[in-house]
Amino acid sequence: MVRARSVERRAEILRATLEVIAERGYRGATLGAVAERVGLSQQGLLHYFPTKEAMLVAVLEERDQWDTGGGPRSDGGWRTELLGSLVEYNAMRPGVVQTFSALLGESVTEEHPAREFFTHRYTQVRASMTAMLRAEFGERLPGGLTPERAAPLLVATMDGLQYQWLLDPDAVDMPAAFQDFLRLLRPDTAQGAGPETTDASATDREPPPNDLSRMT
């Protein structure tokens, strides 16, 4: 009974944290602000989350659960259309995106509390994107890249657009820019795609100069 109450209380704190982030942004999501929202003292909140970073990482973990119904998947269950919808959804909650981006930037430093979370997350997401691309395109994308080589570029595009959008939302239409990128992946809109070939060795050739590996 006590354990169930503790789990329920923790979930309440995470929901309140997300609300505070949405209202006040990353910097406004202080331990004091969240504690006040859930009717706890700041010392009482520390019983559940010892630091602000730990609390925010927990929110990001919950965000993945809410967004994907169980977090990143490596079974090909995602589709590019779903990713486009997720980017549109993120554009409606800048506070959460700001928290993700701020913690991501900080996590590259040694011993940062979010480093393990992001390292593990990117391993999972790359695997998921690889499976998704393979399910949609097979062993080679139209530009010649394998799903394994294209997956990090897809992830980098999603997260990189978030930084540009946060810095200048009037200049960067994040959902539209991501849809533009997806058009580069799809065979029916691939730029410069030549006629189909039956040459069995075609898939073994090096990617053409205008392939996705140039998009850095």
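All of the points below concern the structure found in this document. (Residues numbered from 1 in each chain as written. Predicted model: local features only at pLDDT ≥ 70, side-chain atom pairs only at ≥ 80, totals over all residues. Heavy atoms only, no water.)

## A few points about the overall build of the chain
Quick reminder of the rule: Under the DSSP-based scheme used, a helix requires at least four consecutive residues in state H or I and a strand at least two consecutive residues in state E, with every element numbered from the N terminus. Any residue under 20% of the maximum accessible area for its type is buried, any over 50% is exposed, and the rest in between are partly exposed; the area is computed with a 1.4 Å probe on protein chains only. Computed by Shrake-Rupley with a 1.4 Å probe, the accessible areas treat only the displayed protein chains as cover when residues are assessed.
Helix and strand content of the chain: 9 helices and 0 strands. In the chain, the order of α-helices and β-strands from amino to carboxyl end is α-α-α-α-α-α-α-α-α. With 216 residues in all, the chain has 41% of them scored as buried. Accessible area of the chain: about 12200 Å², with a carbon and sulfur share of 51%.

## What to know about the nonpolar core
Note the following rule: Note on terminology: a nonpolar core comprises buried Ala, Val, Leu, Ile, Met, Phe, Trp, Tyr and Cys residues joined through side-chain atoms within 4.5 Å.
In this structure, Phe118, Met129, Leu133, Leu154, Phe178 and Leu185 are the most contacted members of the largest nonpolar core, which totals 52 residues. Of all elements in the fold, only helix 1 (2–28), helix 2 (31–38), helix 4 (52–68), helix 5 (80–90), helix 6 (94–106), helix 7 (115–137), helix 8 (147–167) and helix 9 (174–185) reach the threshold of two or more residues within this core.

## Comments concerning the packing of aromatic side chains
As a reminder, the rule being used: Only Phe, Tyr and Trp rings are paired, with Trp represented by its six-membered ring, and only when their centres lie within 6.5 Å; those with planes under 30 degrees apart are stacked, over 60 edge-to-face, the remainder tilted. Any Lys NZ or Arg CZ that is within 6 Å of a ring centre and within 35 degrees of that ring's normal is treated as a charge sitting over the ring.
Using the criterion set out here, one finds 3 aromatic pairs in the structure. Relative to phenylalanine 118, the ring of phenylalanine 100 has its centre 5.4 Å away and its plane inclined at 75°; by these criteria the two rings are edge-to-face. With a gap of 18 residues between them, phenylalanine 100 in helix 6 and phenylalanine 118 in helix 7 connect regions that are remote in the sequence. Judged by centre distance (4.9 Å) and plane angle (75°), the rings of phenylalanine 117 and phenylalanine 118 are edge-to-face. The same class applies to phenylalanine 117 as to phenylalanine 118, namely buried. Put simply, the rings of Phe100, Phe117 and Phe118 pair up and form one aromatic cluster. The ring of tyrosine 26 is capped by lysine 52, whose NZ or CZ atom sits 4.7 Å from the centre of that ring.

## With respect to helix 8
Applied cut-off: To estimate the expected span of a helix, count its residues, drop one, and scale the result by 1.5 Å. Residues are treated as being in contact if the distance between any of their heavy atoms lies within 4.5 Å.
Taking 1.5 Å as the rise per residue, helix 8 with 21 residues should run 30 Å; its terminal C-alpha atoms sit 30 Å apart, in good agreement. Among all positions in helix 8, only Pro147, Ala150, Ala151, Leu153, Leu154, Val155, Thr157, Met158, Asp159, Leu161, Gln162 and Trp165 are buried. Packed against the buried residues of helix 8 are helix 5, helix 6, helix 7 and helix 9.

## With respect to the pattern of salt bridges
Counted only if it meets this: We define a salt bridge as a side-chain nitrogen of Lys or Arg found within 4 Å of a carboxyl oxygen belonging to Asp or Glu.
What the rule picks out here adds up to 7 salt bridges. Among the charged side chains, a salt-bridge network with shared partners connects Glu19, Glu23 and Arg37.

## Comments concerning the side chain of asparagine 90
The test is simple: What qualifies as a polar contact is a pair of N or O atoms within 3.5 Å, subject to a donor-acceptor requirement within protein and to the restriction that residues adjacent in sequence count only when both atoms come from side chains.
If you trace the backbone, asparagine 90 turns up in helix 5. The class for asparagine 90 is buried, based on a relative accessible area of 4%. Side chain to side chain, asparagine 90 and arginine 93 meet in a polar contact 2.8 Å long.

## Topic: the environment of leucine 31
You can see leucine 31 is positioned in helix 2. Judged by its relative accessible area of 13%, leucine 31 falls in the buried class. Sequence separation between leucine 31 and proline 50 is 19 residues, and the spatial gap between their C-alpha atoms is 9.6 Å. Beyond its immediate sequence surroundings of up to four residues, leucine 31 is in contact with Gln42, Leu45, Leu46, Thr51, Lys52 and Met55.

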